[in-house]
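Take a look at the letters that make up each chain.
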Amino acid sequence: MSSVPFHYVDLRTFCYATEDEKRVEAALRTYLPEKCELDRQVTTGHHGDRIAVLSARLENADDVRYVLDRLTELPDYDAFLDELDERVSEDCSLYLTLDKQAAFGGEARQGDGITLRAKVEAYPANREAAVENAREALEARAERD
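Residues numbered from 1 in each chain as written. Predicted model: local features only at pLDDT ≥ 70, side-chain atom pairs only at ≥ 80, totals over all residues. Heavy atoms only, no water.

Some words on the nonpolar core
Here comes step 1: Counting residues in each nonpolar core, the largest one holds 43 residues, and the members touching the most others are Phe6, Leu11, Phe80, Leu94, Leu98 and Leu116.
Here comes step 2: The element best represented in this core is helix H6 (residues 127–144), accounting for six residues.
Here comes step 3: Setting aside residues no more than four positions away along its own chain, phenylalanine 80 makes contact with Leu74, Arg87, Leu94, Leu96, Gln110 and Leu138. (Core = buried A, V, L, I, M, F, W, Y, C linked by side-chain atoms within 4.5 Å. Buried < 20%, exposed > 50% of the residue type's maximum accessible area, 1.4 Å probe, protein only. Helix = DSSP H or I, 4+ residues; strand = E, 2+ residues; numbered from the N terminus. Contact = heavy atoms within 4.5 Å.)

Some points on the pairing of strand S2 (residues 39–44)
Here comes step 1: Judged from the six bridges that link them, S2 and strand S3 (residues 50–58) form a sheet pairing that is antiparallel. What sits directly across from threonine 44, in S3, is arginine 50. (Pairing = 2+ DSSP bridges.)

Regarding the packing of helix H2 (residues 61–71) against H6
Here comes step 1: Contact geometry of H2 with H6 gives a least axis separation of 9 Å together with a crossing angle of 70°. Between H2 and H6, the interaxial angle falls into the category roughly perpendicular. Here Arg65, Leu68 and Asp69 of H2 lie close against H6, whose contacting residues are Leu138, Arg141 and Arg144. (Axes fitted to C-alpha atoms, helices over the stretch in contact; angles between N-to-C directions. Parallel < 35°, antiparallel > 145°, perpendicular 65-115°, else oblique.)

Section: the pattern of salt bridges
Here comes step 1: Under the criterion given, the structure shown has 13 salt bridges.
Here comes step 2: We note a salt bridge from arginine 65 to aspartate 62, for which the minimum N-O separation is 2.5 Å. One end of the pair is arginine 65 and the other is aspartate 62, both in helix H2 and three residues apart, which spans about a single turn.
Here comes step 3: With a relative accessible area of 5%, arginine 65 lands in the buried category.
Here comes step 4: A single salt-bridge network, built from bridges that share partners, covers Asp10, Arg57, Asp91 and Arg117. (Salt bridge = Lys/Arg side-chain N within 4 Å of Asp/Glu carboxyl O.)

Section: the environment of arginine 109
Here comes step 1: Position of arginine 109 relative to the elements: it lies in the loop between helix H5 (100–104) and strand S5 (113–120).
Here comes step 2: For the pair formed by arginine 109 and tyrosine 77, sequence separation is 32 residues and the distance between their alpha carbons is 9.1 Å.
Here comes step 3: Beyond its immediate chain neighbours, meaning those up to four positions away, arginine 109 contacts Tyr31, Leu74, Pro75, Leu98, Asp99 and Ala102.

Things to note about the environment of tyrosine 95
Here comes step 1: The topology assignment puts tyrosine 95 in strand S4 (residues 93–99).
Here comes step 2: As a C-alpha pair, tyrosine 95 and arginine 117 span 22 residues in sequence and 4.7 Å in three-dimensional space.
Here comes step 3: The residues contacting tyrosine 95, other than those within four sequence positions of it, are Arg87, Ser89, Leu116 and Arg117.
Here comes step 4: A polar contact is formed between the side chain of tyrosine 95 and the side chain of arginine 117, at a distance of 3.4 Å. (Polar contact = N/O pair within 3.5 Å; in protein donor to acceptor, adjacent residues only side chain to side chain.)

Some points on the side chain of serine 93
Here comes step 1: Relative to the helices and strands, serine 93 resides in strand S4.
Here comes step 2: In terms of polar contacts, serine 93 uses its side chain to reach the side chain of arginine 117, at 3.1 Å.
Here comes step 3: Beyond its immediate sequence surroundings of up to four residues, serine 93 is in contact with Arg87, Val88, Arg117, Ala118 and Lys119.

Examining the packing of aromatic side chains
Here comes step 1: Enumeration according to the criterion identifies two aromatic pairs in this entry.
Here comes step 2: Taking the ring centre of tyrosine 8 as reference, the NZ or CZ of arginine 57 above it sits at 3.7 Å.
Here comes step 3: The residue whose ring lies beneath arginine 70 is tyrosine 31, and the NZ or CZ to ring-centre distance is 5.9 Å. (Phe/Tyr/Trp six-rings, centres within 6.5 Å; stacked < 30°, edge-to-face > 60°. Lys NZ or Arg CZ within 6 Å of the ring centre and 35° of its normal.)

Considering H2
Here comes step 1: All of the buried residues in H2 are Val64, Arg65, Val67, Leu68, Arg70 and Leu71.
Here comes step 2: Looking at the buried residues of H2, the elements they touch are strand S1 (6–16), S3, helix H3 (77–82), S4, S5 and H6.
Here comes step 3: Between the side-chain oxygen at the start of H2 and the backbone nitrogen of aspartate 62 there is a gap of 2.7 Å, and the oxygen is on asparagine 60.

What follows is the structure, given as structure tokens:
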């Protein structure tokens, strides 16, 4: 398999006191390979409520490809590709938010609740090169389907 131009992909979500943590974990796992370990940190909200932060960093190329393949299932994937210029920051990070409720049902959709940050490889390390590398990788994953 060819390499992917990403150093890593971070996925993170919050589990608020009103949510079932197992369900929130299941939603996050929609975007993760089967044996991926989750980091869990517990913090306290402004009003003293418990908030669990669930996250995973994927650095292995196969794991990154798994996430990219899940993204190709977005109903608005072409619009996502069209927005890459706005979604890649000056530090070569690609940002996307995903719908936590849809993910719980196994569906990939843009929305709120799960944050994806992918560090794009770019040489030289500039935004324009990162956008182009991300576009090529994401289009190549979509063509596989």
